[in-house]
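Residue-level structural notes
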Amino acid sequence: MDDELIRRAETYARELFASDAGGHDFGHTMRVYRTAMLLADSEPGCDRTVTALAALLHDADDYKLFHTENNANARRFLAENGVPAETAERVIAAVNAVSFSRNAGRRPDTPEGCIVQDADRLDALGAVGIARTFAFGGEHDRPMSESVQHFYDKLLRLRELMNTPAAAALAEERHAFLEAFLAQYYKETGEERP
Ligand code: ADP
Ligand code: NI
């Protein structure tokens, strides 16, 4: 793997997400990158460079944050840094396979897409996932109860949707933490669990 290229992609992501205090800060991208590299260790069929670049660029053209078309930010980074066109296309394909809504729930058809999607979903679970959910709710002026509803709408379903066995194992612990959080939340609020 070209370490210098990966460092440059980290620097690019740091610049892109510099101003975001919500669920898409630079920390999210770095956690997805580190988790993706961990998952890659258990998926010998994947290309580590494609996986790393796709993880670091996976939110670089998120429509909620940037008004780009056709992955313009990611493509520009890859072109300016001399990534061969064939590799760049594999990175873009993996990035575009991550979003659940954009792919109508279809499983990514490459190992790199599977890994980055798993890493992104794992970051929505566990202690970090809880913190991101309430940060997102606050950022959008939503009452706390709506963030709690998001657990049922999305977060508690993610455990079943992991692509790789390594991610499924990590998801178990993080899912259990969500359940423990909810149990304590209802204990403290006296609200009825739906
Ligand atoms: P990503 O693109 O990284 O998968 P999303 O944009 O879907 O993430 O969400 C970013 C974070 O905000 C996640 O942790 C997610 O759980 C949280 N989030 C998304 N939608 C909602 C919502 N309606 N209420 C509360 N939290 C949300
Ligand atoms: Ni993400």
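Structure's up top.
Scope of this entry: the structure provided in the associated data block. These numbers were taken from a predicted model, which means no experiment stands behind them. (Residues numbered from 1 in each chain as written. Chains lettered and ligands numbered in written order. Predicted model: local features only at pLDDT ≥ 70, side-chain atom pairs only at ≥ 80, totals over all residues. Heavy atoms only, no water.)

**Regarding the overall build of the chain**
Cut-off, in case you're wondering: Numbering of helices and strands runs from the N terminus, with a helix taken as a DSSP run of H or I at least four residues long and a strand as a DSSP run of E at least two residues long. Values of the radius of gyration come from C-alpha atoms, whereas the globule rule sets the reference at 2.2 Å times the count of residues to the power 0.38.
Along its length, the chain carries nine helices and zero strands. From first element to last, N terminus to C terminus, the chain shows the α and β order α-α-α-α-α-α-α-α-α. What you see for the chain is a C-alpha radius of gyration of 17 Å, in line with the 16 Å of a compact globule of 194 residues. Counting only C-alpha atoms and orienting by the principal axes, one finds that the chain spans roughly 60 × 35 × 30 Å.

**Describing the coordination of the nickel ion (ligand 2)**
Heads up, the condition is: Listed donor atoms are N, O and S within 2.8 Å of the metal (Na, K and Ca: 3.2 Å). As water is not included, a site may look incomplete.
Within the protein, the nickel ion (ligand 2) binds to His28 (NE2), His58 (NE2), Asp59 (OD) and Asp120 (OD); these donor distances fall in the range 2.2 to 2.4 Å. Site description for the nickel ion (ligand 2): donor spacing in sequence, H-x29-H-D-x60-D. Of this pair, His58 sits in the loop between α3 (48–57) and α4 (72–80) while Asp120 sits in helix α6 (residues 111–122), placing them 62 residues apart in sequence.

**Remarks on the site of ligand 1**
So the rule is basically this: Note on terminology: near, applied to a residue and a molecule or strand, indicates that one of the residue's heavy atoms is within 4 Å of it. Any N or O atom pair separated by 3.5 Å or less is treated as a polar contact, with the protein-specific requirement of one donor-capable and one acceptor-capable atom, and with residues adjacent in sequence counted only for side-chain atom pairs. Computed by Shrake-Rupley with a 1.4 Å probe, the accessible areas treat only the displayed protein chains as cover when residues are assessed. Side-chain classes follow a simple rule in which Ala, Val, Leu, Ile, Met, Phe, Trp, Tyr, Cys and Pro form the nonpolar group, Asp, Glu, Lys and Arg form the charged group, and the remainder, Gly included, forms the polar group.
In the vicinity of ligand 1, 13 residues are found, and the nearest of them are His24, His28, Lys64, Asp120 and His150. Between ligand 1 and His150 there is a distance of 3.0 Å, counted from an oxygen atom to a side-chain nitrogen or oxygen. Against a free-state accessible area of 550 Å², the protein chains account for coverage of 84% of ligand 1. Of all the elements, helix α7 (residues 126–139) adds the most residues to the shell around ligand 1, at three residues. Per-class residue counts for the shell around ligand 1 are two nonpolar, four polar and seven charged.

**Things to note about unusual backbone geometry**
At Asn71, a residue that is not glycine, the phi angle is positive and equals roughly 55°. The topology assignment puts Asn71 in the loop between α3 and α4. Non-glycine residue Asp141 carries a positive phi angle of around 55°. The residue Asp141 is located in the loop between α7 and α8 (144–153) in this model.

**Some details on the pattern of salt bridges**
When their charged atoms lie close together, side chains carrying opposite charge are able to pair. Worth spelling out the cut-off: Salt bridge, as used here, is a side-chain nitrogen of Lys or Arg placed within 4 Å of a carboxyl oxygen of Asp or Glu. Exposure is judged per residue with a 1.4 Å probe applied to protein chains only, and the accessible area is read against the type maximum: over 50% gives exposed, under 20% gives buried, and values in between give partly exposed.
A complete count under the given rule lists 13 salt bridges for this structure. For the salt bridge of Asp41 with Arg48, the shortest nitrogen-to-oxygen distance reads 2.9 Å. Judged by its relative accessible area of 54%, Asp41 is exposed. In this structure, Arg90 engages Asp47 in a salt bridge whose closest nitrogen and oxygen atoms are separated by 3.7 Å. Of this pair, Arg90 sits in helix α5 (residues 85–98) while Asp47 sits in the loop between α2 (26–41) and α3, and the two are 43 residues apart along the sequence. With a relative accessible area of 34%, Arg90 lands in the partly exposed category. Residues joined by salt bridges that share partners form a network here, namely Arg31, Asp123 and Arg132.

**Thoughts on α3**
To be explicit about the condition: Contacts were defined at the residue level, with two residues in contact if any of their heavy atoms lie within 4.5 Å.
Where burial is concerned, most of α3 is hidden: nine out of the 10 residues are buried. Burial in α3 covers these residues: Thr49, Val50, Thr51, Ala52, Leu53, Ala54, Ala55, Leu56 and Leu57. Check the buried side of α3 and you find it contacts α1 (3–16), α2, α4, α5 and α6. Where α3 begins, the capping side chain belongs to Asp47, and its oxygen is found 2.9 Å from the backbone nitrogen of Thr49.

**Digging into the environment of Met1**
When you line up the elements, Met1 lands in the segment before α1. You can call Met1 partly exposed: its relative accessible area is 45%. In sequence terms Met1 and Ala52 are 51 residues apart; their C-alpha atoms lie 9.0 Å from each other.

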